[in-house]
Each structure stands twice: as structure tokens, then as C-alpha cells.
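Listed below are the residues making up each chain.
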Amino acid sequence: MKVAVFSTKSYDRRFIQLENTVSQANHEFVFFDARLEAQTASLANGFPAICVFVNDDLGTEVLEILAAQGTKLIALRCTGFNNVNLKTAAKLGIKVVRVTDYSPYSVAEHAVGLILMLNRKLYRAYNRVRDDNFALDGLLGFDLRDRTIGVVGTGKIGQIFAQIMQGFGCNILGYDVYPNPNFEKLENAQYVSLEELWQRSDIISLHCPLFPETHHLINQETIAQMKSGVMLINTSRGKLVDTKAVIDGIKSEKIGYVGIDVYEEEDKLFFEDLSDTIIQDDTFQLLQSFPNVVITAHQGFFTENALDDIARTTITNLSDFEQGKPLQNQVNAA
Ligand code: NAD
């Protein structure tokens, strides 16, 4: 089947081509660097299937162009599907499939990495030593043992994250709209209300999807309920967090540390080398100017294991569609 693949980098091409060969699926991939949006949607003209990533735009306008050009399948090479207007896709007869499952360790371990960066100020220590500055002032950290970690969303990634933090000797508080029976089997882990989680946690890590009801879950009101000096970790989706409220929280010293792998307006920044350009996003620039903020550019998923899993499931999704088999990873409108 002919598949137009958007927002591709060399690593996407490598993993997808390899899996296409190994599985003998023989899809005809055409790779585009371009992000899918109204201006680039014509590249998919005549392709029955397209393959997209987290920051591609699959809103009504783009979906209507795709449908008119003959696209019948959208294969997301990610778990989140917040960038797709599922109701419009269904109305236009376009099916949507995703990668429900890929190494949850990739993102969970990255969240832990952000905690350790902040907790022991490793980013500052690294730069200091390279500058032959061996002083320790300003690098004082704290032990994770006995700290309370709030996990919002205890699905695949949240559960693994909780397990790892349990290994550090932390107390784990969880919140989920659909509790995971394995979560409370962990030692020192219990479900609490969201309010209690905000109030008791030393570190809060977000692992729930972005839905209308989770948009700006972290906002002025929820921050006000948190402990002074709280550490916020977001490896899930940028729009879960009201960035301006977080900036106010940092300035008032209510928030002590911020580690993010995702950002509200990341679609204009992430995955590109913009080091020679003037960044116009003042909020982002202000956020990264604080000494207690660490930002990575949506690399939580970026391990060999995860890219392998993503390529394998994507090819299976495409082959199932081509062969008229049931789509096990289909995403339906609510
Ligand atoms: P999952 O579906 O296994 O788990 C999500 C959990 O969130 C579920 O248990 C669900 O019940 C819960 N949830 C839903 N609505 C909620 C709400 N309102 N409040 C609290 N919990 C709620 O998904 P996962 O594989 O663990 O992934 C979690 C999120 O991580 C994804 O939605 C995605 O946004 C993000 N993610 C980020 C990266 C990255 O590279 N940084 C990579 C993959 C996934």
C-alpha cells in the first residue's frame, strides 16, 4: 500500500524501512520532512494511507482535504491522539489507528531522569565541571528516599514510573479516573483524590492523556493547593499545564523545580534545529531562563526499543487495513 509519512527524520525512515523489510510487508513509503497541516496536506494526494506523529495537525480542515484526496487511513506512530478530530474523521469515513503500546519504560525512565537532573542539579554540575569550576555551592540536593511522589495517570507509563520511584524508597500517591489494580499492589502506594495528591506530594509527575477535561490540569488553582517547593514533572502532553501559571508559581517560589519533556506550544519548536533563529515564543524563553527548570524536547519516547516497537505496530496496523482485517489499534470517537 502507498503510504505518505509526515514529519519524518532519518531515524523514523531507518526504523520503518527496516521493519517493512523484515516483516515483508512491502508497503510503498514516501517520506516527507514536512509537518502535516493545511498547507502540506496536498502531498498526501492519492495516498490511501498516511502516517503521522504527535505534532501533525489532523483538525477538520486538514481531514477534509485528506478525504477529498482519497485518504482512508491515518496511522499515528504515537499513543496520544489529541491532535486528531476523531468525530470529523469518522464522519469522513477515515479510520484512525495508533500505537497503543510501546516501551513504557522509555518515557517512565525519562521522567525519572528529569527528577534526578533537578534533584541533584546535574545540569548545572555538568556545565560547572567542564568550566573547571569544582565548587559545590548551589548544588545542594535532597534524598528521594521517603519523599512523596504524586502520579497522575497510572496507566502503562505511570505504573512503571511508580515502580521505579518505589525503588528509591518513596511513598507513592496515585490518581486515575480508571484505577489500575496493579498500582496499589506496590508497597507504599495508594490512590487518593486529586486534591490530596496536590496537597501531599513533594514531586508530581503527569502521566495522563490530554483530553478536554485534563487541559490545563496544572493551573493557578491547583498550584495554590501544592506544597511549597514542589517539583513538577511533565512527560505527557504540554497542554496539561498552563505554562503562564507555572511561571508565576516559579517566580513566587511556590514551585521549586520544573522538568518538562513537552510544552504547550511545542509544535512550533520541537524536533527542529532552531539554534540559528530568533525564537518568538517569549513564554518558552522565560521558562527556560529559570535556574530550576529543565526542558527536553519531547524525547521521552526516543529509545531504540520504543522506535522498534512503534515501527512494528505501525506496519501491522497498515497491513491489517490493507488486508481488510479487524483493526486492533483503531481509535474511535467517544
Ligand atoms: P495509558 O492509556 O496506558 O495510561 C493513561 C492513564 O491515564 C490511564 O490509566 C487513564 O485511565 C488515565 N487517565 C485518563 N484520564 C485521566 C484523568 N482525567 N485524570 C487522571 N488519569 C486519567 O497511556 P500511557 O501509555 O501510560 O501514556 C500516558 C501519556 O504519556 C500519553 O497519553 C501521552 O500523552 C504521553 N506520552 C508521552 C511520550 C513522550 O515522548 N514524552 C511518549 C508516549 C506517551
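Quick summary incoming for the structure in this document. The shown structure was predicted, so the numbers you read here are calculated from the model rather than taken from an experiment.

Let us look at the packing of aromatic side chains. Tallying each qualifying case throughout the model produces 12 aromatic pairs. A centroid spacing of 5.8 Å and a plane angle of 65° characterise the contact between Phe142 and Tyr257, whose relative ring orientation is edge-to-face. Of the two residues, Phe142 sits in the loop between helix H5 (122-130) and strand E6 (148-152) while Tyr257 sits in strand E11 (residues 255-260), which places them 115 residues apart along the sequence. Each member of the pair, Phe142 as well as Tyr257, is classed as buried. Counting every residue linked through ring pairs, the aromatic cluster contains Tyr11, Phe53, Phe271, Phe301 and Phe302.

This part is about the site of the ligand. With respect to spatial proximity, 24 residues lie near the ligand, and among them Tyr102, Lys156, Ile157, Asp176 and Thr235 are the closest. Interatomic distance of 3.3 Å between a side-chain N/O atom of Ser236 and an oxygen atom of the ligand. Between Arg237 and the ligand, the recorded distance is 3.4 Å, taken from a side-chain N or O atom to an oxygen atom. For the ligand, the protein covers 88% of the area, taking 860 Å² as the surface of the free molecule. Among the detected pockets, the ligand sits in the largest pocket. A breakdown of the residues in the shell around the ligand according to their chemical character gives 10 nonpolar, 10 polar and 4 charged.

Of the pockets and cavities examined, the largest pocket occupies roughly 1100 Å³. Lining of the largest pocket is provided by 42 residues; of these, His207, Cys208, Pro209, Leu210 and Ser236 occupy positions nearest its centre. At the level of elements, helix H4 (104-119) and helix H6 (156-167) are the ones that each hand at least two residues to the lining of the largest pocket. Residues of the lining of the largest pocket, tallied by class, amount to 19 nonpolar, 16 polar and 7 charged. If you add up the space inside the second largest pocket, you get close to 750 Å³. Lining the second largest pocket we find 31 residues, and of these Phe81, Asn82, Asn83, Val84 and Leu210 sit closest to its centre. Among the residues forming the lining of the second largest pocket, the class breakdown is 12 nonpolar, 9 polar and 10 charged.

In the structure shown here, the tally under the stated rule is 3 cavities of 30 Å³ or more. One number sums up the size of the largest cavity: a volume of about 90 Å³. Along its surface, the largest cavity is lined by Tyr11, Asp12, Phe15, Ile16, Phe53, Arg77, Phe301, Leu307, Ile310, Ala311 and Thr314. Classifying every residue of the lining of the largest cavity by side-chain character gives 8 nonpolar, 1 polar and 2 charged.

Let us now look at the packing of helix H9 (residues 243-251) against helix H10 (residues 282-289). Where H9 meets H10, the closest approach of the two axes is 10 Å, and the angle between their N-to-C directions is 30°. Taken together, the axis directions place H9 and H10 in an arrangement best described as roughly parallel. Note that H9 runs across H10; the crossing there is left-handed. Here Thr243, Lys244, Val246, Ile247 and Ile250 of H9 come into contact with H10, specifically with Thr283, Leu286 and Leu287.

Analysis parameters
Residues numbered from 1 in each chain as written. Predicted model: local features only at pLDDT ≥ 70, side-chain atom pairs only at ≥ 80, totals over all residues. Heavy atoms only, no water. Phe/Tyr/Trp six-rings, centres within 6.5 Å; stacked < 30°, edge-to-face > 60°. Helix = DSSP H or I, 4+ residues; strand = E, 2+ residues; numbered from the N terminus. Buried < 20%, exposed > 50% of the residue type's maximum accessible area, 1.4 Å probe, protein only. Near = heavy atom within 4 Å. Polar contact = N/O pair within 3.5 Å; in protein donor to acceptor, adjacent residues only side chain to side chain. Areas by Shrake-Rupley, 256 points an atom, 1.4 Å probe, with all protein chains shown as cover. 1 Å grid on protein atoms, 1.4 Å probe; cavity = no way out; pocket = protein on both sides within 12 Å on 5 of 7 lines; lining within 4 Å. Sits in = over half its atoms within 2 Å of the grid points. Nonpolar A, V, L, I, M, F, W, Y, C, P; charged D, E, K, R; others polar. Points joined across faces, edges and corners; volume = space filled by probe spheres on them. Axes fitted to C-alpha atoms, helices over the stretch in contact; angles between N-to-C directions. Parallel < 35°, antiparallel > 145°, perpendicular 65-115°, else oblique. Left-handed = near helix turned anticlockwise from the far one by under 90°. Contact = heavy atoms within 4.5 Å.

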